[in-house]
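Each chain, written out:
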Amino acid sequence: MNKPLSGAELNELVSGLHKLSRNLWWSWNQEAQDFFYELSPRGWQNMFHNAVAVLREVSEQELRARLQDVHFAARVRAVLSDFQNYLGDQKTWCHLHAARLHQHPVAYFSAEFGFHESLPISAGGLGILAGDHAKSASDLGLGFVGLGLFYREGYFQQSIDSNNWQTEYYNPIDPHNVPLEPVLDADGERLVCSVGIGMNAVDFQVWRVNVGRVPVFLLDTNLPQNEQRFRDLTTRVYGGDSITRIMQEILLGIGGVRLLRTLGIEPSTFHMNEGHAAFLTLELLREKIAAGSNFAAAQIATKQECHFTTHTPVEAGHDRFTPDLMNYALQRFLGQLPVPFNDLMAMGRVNPANASEPFCMTVLALKFSRAANAVSELHGVVSREMWQPLYPGKTIDQVPIGHITNGIHLLGWMKGPVRTFWRTKLTDSTNGAARFFRDKFGADWSSAINHADFWDKMTDPTFVTDEELWALRYKLRRELIEFARRKLLLQNQRATQGDFIRFDHFLNPDALTIGFARRFATYKRAPLIFQQFENIVKLVRDKQRPVQFVFAGKAHPRDNDGKRFIQQIIHLSKHSELAGNLIFLENYDIHVARQMVSGCDIWLNNPRRPLEASGTSGMKTGCHGGMNLSILDGWWREGFDGQNGFGIGPDSHPDNVAEQDRVDSANLYRTLTEQVVPMFYNRDVNGIPREWLKRMRHSMATLVPQFTTDRMVKEYTNKYYLPK
Ligand SMILES: *Cc1c(COP(=O)(O)O)cnc(C)c1O
C-alpha cells in the first residue's frame, strides 16, 4: 500500500511546480506539458497552454489533493528531477567548447522574441528566430543573456470582419499570468533603471523570462513616474510611428546596456539581432570615452565587442531616421556623449559627407561590429552587394558580411504526439536499430534528437516502417483538420447548429493537404497559386486525387495590399468552387503554426526571389513528415537536393517582377501536377505511397538535423562569439 505524501514532501512538489511553471523549459518538455494539461484541461486550452495560468486556476488546496494521486506525484517528481538535472548540467557542449563565455556571456539584443503563444511579443520570423536562439543557447549551456522589450499589449490579434477585411485588436498581457518574473534589486524592491529619451530621463522596470538555463530580460517603461507618452512606449510591437520607433530603439539599445551594467554582467559580445538594437554601440562608446578613452580608441574597442546579424534584403526595410528626429530623440543622451552631432549622423551614413542622407541603423551596426552576417547563403550575396558602397575599395566579394543560415529549436517546434512517437522509438528495447542510440546517449533522448545520426536512421525501415510513418501522417493530418473545423466554428460568431455540421464536412482527411502560413507581406505572394484558378479548381475537385489548402497569416496593420491578399483568399474560400477545400485560419500564431506545420503534407513557399532572407516555417515541417514545395530562395536553396522535397523553378530568376510572377506561377502548377500529386496518390495494394515515403525519409535525414538552432548557435559560437 502506498503511504500518503507528508506535508514536507507536498511542499517540495508544490514549490517545484511553481518554479517549473516560470521556466519555459516546460514548453519543450512533453511530460511537463502533459501534467499541466491534466491539472486543468480547459484552462490549458483556453489560456494559451500556459503553465503559470494553470497553476493560478488550480487552488493550492486542489493541487495538494491532486498530488496525493501517487502516479501523478511520481510523474511530477520525475520531471522536476529532469528539470534540476538540466539546470545543473556541467557537461554541456559549451562546458567543453566555450567555457570562457560563462564568465563573459553573449548579450543578445532583439526587438522581438517569440517564445510561446502565451507571451505574444513577436511579429513574426525575426522574433521566432530570437526565441529559438535563446532556447538552443540554453540547451547548449552557452553563456547567454537576452535583452528585449516587454510589450504589454503584445502583437495584434487578428479578426476578420464581414467584408473579409483584417481588423486588429489587442489583449493586454497580465505579467503575473505568464512565464515572467519581476527583476528585483538587492533590497528585494523592483529594480528600476533610467535612460535618456528626448529631453527626459525615462525610468524602466524589467521582467525576466527564464528560458531553461538562460535569462532574457524585457524592459518596460510602464511606470507611474513616467509621462504617459513614455509609459506607452512599450505598449505594442512596432506599434507606432517613427518617433515611437526610435524611442523604443533607444530604450532597447542604450537601456539594455545600462541594465547589464546594473546587474553586473560583463558581456564578451553584444550581438545585435537586426539593426533595431544598434544604439547600444553609442552607449558603449559613451562609456569608454567617459572612462578616459579618446574617440578613435573608443571606436576600435566598441567594434571589438559587437556582432551584427542583418535580416533584410530590401533597402526600404532598414530603419532610417532624419537628422531632426535623431536630434530630438537623442537630445539628452547627446549631452552625455561628447561627439558633435554631425559626426554622430556620419556614423549612420554610407557617405559620411552627405548631409542629406538619413541615419541608418544598419549602417551604424555594420560600422561598429567586428563581424556581421546574413541569414542564408543567397542572402549573404544580396547583402554584400547591397552594402558594398559602405566599403570603398573593396569588391563585392570582399565585403565583410558572412552568413549563418537560420534554424529552428527542434523540440520546441515538435508537436506533442511526435515527441512521443520519436521518444518511444528511441527507448523501445525491442528495436534493434534504436539500441545504438541508447548506447550512445543513454536515457537522454532529447540530445539524440538533435543528432544527425538519429535522422540518418530515417532511411532504415527496420528502425521505423513505412506503415508507422504513414499512420503518423494520417494522425497529424486529422488533428489539423479537426483543429481547423473547431476554429472555423469559433471564427464564425453567428454559427448556428447547422454550421456545426457544415464545418465538420470541411476538408477531407484523406486528401493531399497543402499549407501556406506566414506574414502577408506582399513579396511572399500568398495568392500566387490562384493565378491558375481554373486549373486549381480541377485539382481540388478531382474525386480520385483531391488537393486541399489551409492558409493563415497576418498582414501588418498598415499594409493594405497585404490585407487585400487576405480578403481575396477568404473570399475564394467562401464563395468560389474551392469552398470547403480551401480554408483560412484566423490569428496565425505559434500555436496555429505548430498545428499547420505538423498536419500539412506539403508546405508551400513562393516568395519573390531573393526577398526571403531565410524563412524558417518550412524547417518546422520536416520532423513531422511534411515536405516542402518551394522557390529556391533563402534556406531552401541550400536545403533542396532534388530528392528531399520539391523545388519550384530553377536556381535563378528574371529581374522583371511581373515576369517572375508569371514564370513562378507556371512552374508551381507544373511541379504540383507533374510531381507532387501523382507521387502522393501512387499507392501500393495496401494503400501506402511508397515513393512518397521514400522522399519523406530522405527529407528527414537530410534537412531536420541541418536546419536547427542547435547547429546555428554552435556556428555562431565557433565563428563569431569565440574568436576576438
Ligand atoms: C515560423 C514562424 C514564422 C516565420 O516563418 P517564415 O517561414 O519565415 O515566414 C512567422 N510566424 C510564426 C508564428 C511562425 O511560427
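What counts as what
- Residues numbered from 1 in each chain as written.
- Predicted model: local features only at pLDDT ≥ 70, side-chain atom pairs only at ≥ 80, totals over all residues.
- Heavy atoms only, no water.
- Domains from an automatic or database assignment.
- Helix = DSSP H or I, 4+ residues; strand = E, 2+ residues; numbered from the N terminus.
- Contact = heavy atoms within 4.5 Å.
- Polar contact = N/O pair within 3.5 Å; in protein donor to acceptor, adjacent residues only side chain to side chain.
- Salt bridge = Lys/Arg side-chain N within 4 Å of Asp/Glu carboxyl O.
- Buried < 20%, exposed > 50% of the residue type's maximum accessible area, 1.4 Å probe, protein only.
- Pairing = 2+ DSSP bridges.
- Axes fitted to C-alpha atoms, helices over the stretch in contact; angles between N-to-C directions.
- Core = buried A, V, L, I, M, F, W, Y, C linked by side-chain atoms within 4.5 Å.
- Disulfide = S-S within 2.5 Å.
- Near = heavy atom within 4 Å.
- Areas by Shrake-Rupley, 256 points an atom, 1.4 Å probe, with all protein chains shown as cover.
- Nonpolar A, V, L, I, M, F, W, Y, C, P; charged D, E, K, R; others polar.
- Expected span 1.5 Å × (residues − 1).
- Parallel < 35°, antiparallel > 145°, perpendicular 65-115°, else oblique.
- Right-handed = clockwise from strand over helix to strand, strands pointing away.

Caption draft 1: Structural context of the domain arrangement of the protein. Looking at the protein, the domain boundaries give domain 1 (7-88), domain 2 (93-403) and domain 3 (476-707). Placing a centre on the C-alpha atoms of domain 1 and another on those of domain 3 gives a separation of 36 Å.

Caption draft 2: Structural detail: the environment of N508. By secondary structure assignment, the location of N508 is in the loop between helix 24 (497-503) and strand 15 (512-517). Along the backbone, N508 and R477 are 31 residues apart, and their C-alpha atoms lie at a distance of 9.4 Å. With residues up to four places along the chain from it excluded, the contact list for N508 reads I481, P546 and Q548. A distance of 2.9 Å separates the side chain of N508 from the backbone nitrogen of D510, its partner in a polar contact.

Caption draft 3: Structural detail: the environment of T513. Checked against the element boundaries, T513 lands in strand 15. Once residues within four sequence positions are removed from consideration, T513 is found in contact with R477, L480, Q548, V550, C600, D601 and I602.

Caption draft 4: Structural context of the pattern of salt bridges. This structure, assessed with the given rule, holds 40 salt bridges. The closest approach of N and O atoms between R261 and E266, which form a salt bridge, is 3.1 Å. Given the relative accessible area of 39%, E266 is considered partly exposed. In this structure, E659 engages R662 in a salt bridge whose closest nitrogen and oxygen atoms are separated by 3.4 Å. Here the residue E659 and the residue R662 both occupy positions in helix 29 (residues 657-681), the gap between them amounting to 3 residues, near one helical turn. For E659, a relative accessible area of 32% puts it in the partly exposed group. Where salt bridges share partners, they join D466, E467, D684, R690 and R697 into one cluster.

Caption draft 5: Layout of the sheet that holds strand 16 (residues 547-552). Spatially, 17-16-15-18-19-20 is the arrangement adopted by the 6 strands of the open sheet, whose pairing is parallel. Strand pairing shows two members of the sheet lacking a second neighbour, strand 17 (582-585) and strand 20 (646-648), which therefore form its edges. If you compare each strand with its neighbour and ignore which way they point, the axes differ by 20° on average. Bridge count between strand 16 and strand 17: 4 bridges; the pairing is parallel.

Caption draft 6: Inspection of helix 27 (residues 590-599) at higher detail. Counting buried residues along helix 27, 10 of its 10 residues qualify, which places the element largely inside the surrounding structure. N-cap assignment for helix 27: the residue whose side-chain oxygen lies 3.0 Å from the backbone N of H591 is D589.

Caption draft 7: Representation of the nonpolar core. Within the largest apolar cluster, 239 residues are counted, with the highest numbers of intra-cluster contacts made by F36, F279, W422, W455, F551 and W692. Contact partners of F36, with chain neighbours within four places excluded, come to L17, L20, S21, W26, W44, A51, V54 and L55.

Caption draft 8: Representation of the state of the cysteines within the structure. Under the defined criterion, the tally for this structure stands at 0 disulfides. In this structure C623 is not part of a disulfide, and its nearest cysteine sulfur, from C600, lies 14 Å away.

Caption draft 9: Highlighting the site of the ligand. Contacts to the ligand come from 14 residues, most closely from W413, K524, T616, S617 and K620. A distance of 2.6 Å separates an oxygen atom of the ligand from a polar atom in the side chain of S617. For the ligand, whose unbound accessible area comes to 390 Å², protein coverage reaches 93%. Looking at the shell around the ligand, the elements that each hand over two or more residues are helix 8 (125-139) and helix 27. A breakdown of the residues in the shell around the ligand according to their chemical character gives 5 nonpolar, 5 polar and 4 charged.

Caption draft 10: Main features of helix 8. The end-to-end C-alpha separation of helix 8 is 21 Å, in line with the 21 Å expected for 15 residues at 1.5 Å each. Taken across its 15 residues, helix 8 has 13 buried, putting it largely inside the fold. Positive phi appears at G141, one or two residues downstream of helix 8, with a value of about 75°.

Caption draft 11: Structural detail: the packing of helix 8 against helix 31 (residues 709-721). At a closest axis distance of 9 Å, the pairing of helix 8 and helix 31 adopts a crossing angle of 80°. It follows from the interaxial angle that helix 8 and helix 31 lie roughly perpendicular. Facing helix 8, whose interface residues are L129, D132, H133, S136 and A137, helix 31 presents T709, D710, M712, V713, Y716 and Y721. Taken together, the residues of the contact of helix 8 with helix 31 sort by class into 6 nonpolar, 3 polar and 2 charged.

Caption draft 12: A look at the pairing of strand 19 (residues 627-631). Strand 19 sits mainly inside the fold: 5 of its 5 residues count as buried. On strand 19, burial covers both faces: M627, L629 and I631 on one face and N628 and S630 on the other are all buried. Bridge count between strand 18 (residues 602-605) and strand 19: 4 bridges; the pairing is parallel. Among the inter-strand pairings, I602 is bridged to a residue of strand 19, identified as M627. Taken together, the 3 bridges between strand 19 and strand 20 define a ladder with parallel strand orientation. Note on strand 20: the bridge partner recorded for I631 is I648. Crossover strand 19 to strand 20 through helix 28 (residues 634-639) is right-handed.

Caption draft 13: Structural context of the pairing of strand 9 (residues 269-273). In terms of burial, strand 9 is a largely internal element, 5 of the 5 residues being buried. Note that strand 9 and strand 10 (residues 306-309) share 4 bridges and pair parallel. Along strand 10, the bridge assignment pairs F270 with C306.

Caption draft 14: How the structure looks around unusual backbone geometry. With an omega of 0°, the peptide bond running from R609 to P610 counts as cis. Mapped onto the fold, P610 is located in the loop between strand 18 and strand 19. Here N164, not a glycine, exhibits a phi torsion of approximately 60°, which is positive. If you trace the backbone, N164 turns up in the loop between strand 3 (157-160) and strand 4 (166-169). Judged by relative accessible area, which is 6%, N164 ranks as buried. Non-glycine residue R525 carries a positive phi angle of around 50°. Tracing the sequence through the fold places R525 in the loop between strand 15 and helix 25 (533-541).

Caption draft 15: Structural view of the packing of helix 23 (residues 466-491) against helix 30 (residues 690-703). Where helix 23 meets helix 30, the closest approach of the two axes is 11 Å, and the angle between their N-to-C directions is 85°. Here helix 23 is positioned roughly perpendicular relative to helix 30, judged by the angle of their axes. Of helix 30, the residues touching helix 23 (which contributes D466, E467, L469, W470 and R473) are R690, W692, L693, M696, R697 and M700. Grouping the amino acids of the contact of helix 23 with helix 30 by side-chain chemistry returns 6 nonpolar, no polar and 5 charged.

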